[in-house]
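Here is how the chains run, residue by residue.
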Amino acid sequence: MLVNFNTLPEESRIWIYQANRSFTEQELEEIKLKLDIFIENWTAHGSDLKAGYTIKYKRFIVIALDQKLNQATGCSIDASVGFIQQLEKDYKVDLLDKMNVSYKQGEFIAYKPLTDFRKMAKEKAVSKKTIVFNNLVTNISEFNENWEVPASESWHSRFLN
């Protein structure tokens, strides 16, 4: 059951998929249609899942699930990962690699392998004030408060002196 992302409770579970590039406007329209269909039909053991999504900065797909109605199961999570893998193939984009970092560079979003981000931290090309995206947040409340934060307030801080 597809609902507006902004109407879901703050404790709703989320999954964040970060793309290694920005999507085009046409790709975004297609992806939104595919997400609408997927979420409308997403179930756990035959029971409806109340879920929504948002796409941020043309590169982060955020799927949220209100677990008060029904919880995600192994099968429903597998289905969502399968859906994301299909998007990767359809758009020749990487959405599942957790060993990459996205951060703000002025008004642009930069995307680097973790090893490059570490090197940039050593070279002071990024700092504790650099805005990073903490894709480890687990619910809408954390997403709203701790997703887009200075590196000093995220797991990224371990790479900064």
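How each quantity is defined
- Residues numbered from 1 in each chain as written.
- Predicted model: local features only at pLDDT ≥ 70, side-chain atom pairs only at ≥ 80, totals over all residues.
- Heavy atoms only, no water.
- Helix = DSSP H or I, 4+ residues; strand = E, 2+ residues; numbered from the N terminus.
- Buried < 20%, exposed > 50% of the residue type's maximum accessible area, 1.4 Å probe, protein only.
- Contact = heavy atoms within 4.5 Å.
- Pairing = 2+ DSSP bridges.
- Core = buried A, V, L, I, M, F, W, Y, C linked by side-chain atoms within 4.5 Å.
- Arc of directions from axis to C-beta.

A look at the side chain of Thr-130
Inspection of the secondary structure assignment puts Thr-130 in the loop between helix 3 (114-122) and strand 8 (131-133). According to the relative accessible area criterion, Thr-130 is buried, its value standing at 13%. In this structure Thr-130 touches Tyr-103, Lys-104, Val-149, Pro-150 and Ala-151, once residues within four positions along its chain are discounted.

Regarding the pairing of strand 4 (residues 50-56)
For strand 4, the tally of buried residues reaches five of seven residues, placing the bulk of the element in the interior. Sheet topology note: the strand 4/strand 5 (residues 60-66) ladder contains seven bridges and is antiparallel. The partner of Ala-51 across the bridge, within strand 5, is Leu-65. The turn linking strand 4 back onto strand 5 is made up of three residues, and Tyr-57 within it adopts a positive phi angle of 55°.

Some points on the environment of Glu-10
Tracing the backbone shows Glu-10 in the segment before strand 1 (13-18). In this structure the C-alpha to C-alpha distance between Glu-10 and Trp-155, which are 145 residues apart in sequence, comes to 22 Å.

Digging into the environment of His-45
The topology assignment puts His-45 in the loop between strand 2 (43-44) and strand 3 (47-48). Residue class for His-45 comes out exposed when judged on its relative accessible area of 68%. Spatially, the C-alpha atoms of His-45 and Gly-82 are 17 Å apart, while their sequence positions differ by 37 residues.

Focus: the nonpolar core
As a rule of thumb, nonpolar side chains are buried together in soluble globular proteins. Counting 25 residues, the largest nonpolar core has Phe-23, Leu-35, Ile-61, Ile-63 and Leu-95 as the members making the most contacts within it. When residues of this core are assigned to their parent elements, the largest contribution, five residues, is made by helix 1 (residues 25-41). Not counting chain neighbours up to four residues away, the residues in contact with Leu-95 comprise Tyr-17, Gln-18, Ala-19, Phe-23, Ile-61, Ile-84, Leu-87 and Glu-88.

Observations regarding helix 3
Where helix 3 is concerned, the buried positions are Leu-114, Phe-117, Met-120 and Ala-121. An end-on view of helix 3 places all buried positions within 120° of arc, on one side of the element. Turned more than 90 degrees from where helix 3 packs its buried face, Thr-115 and Lys-122 sit exposed. For helix 3, the elements touching its buried residues are strand 6 (100-105), strand 7 (108-113) and strand 8. Lys-124 sits one or two positions beyond helix 3 and adopts a positive phi of about 65°.

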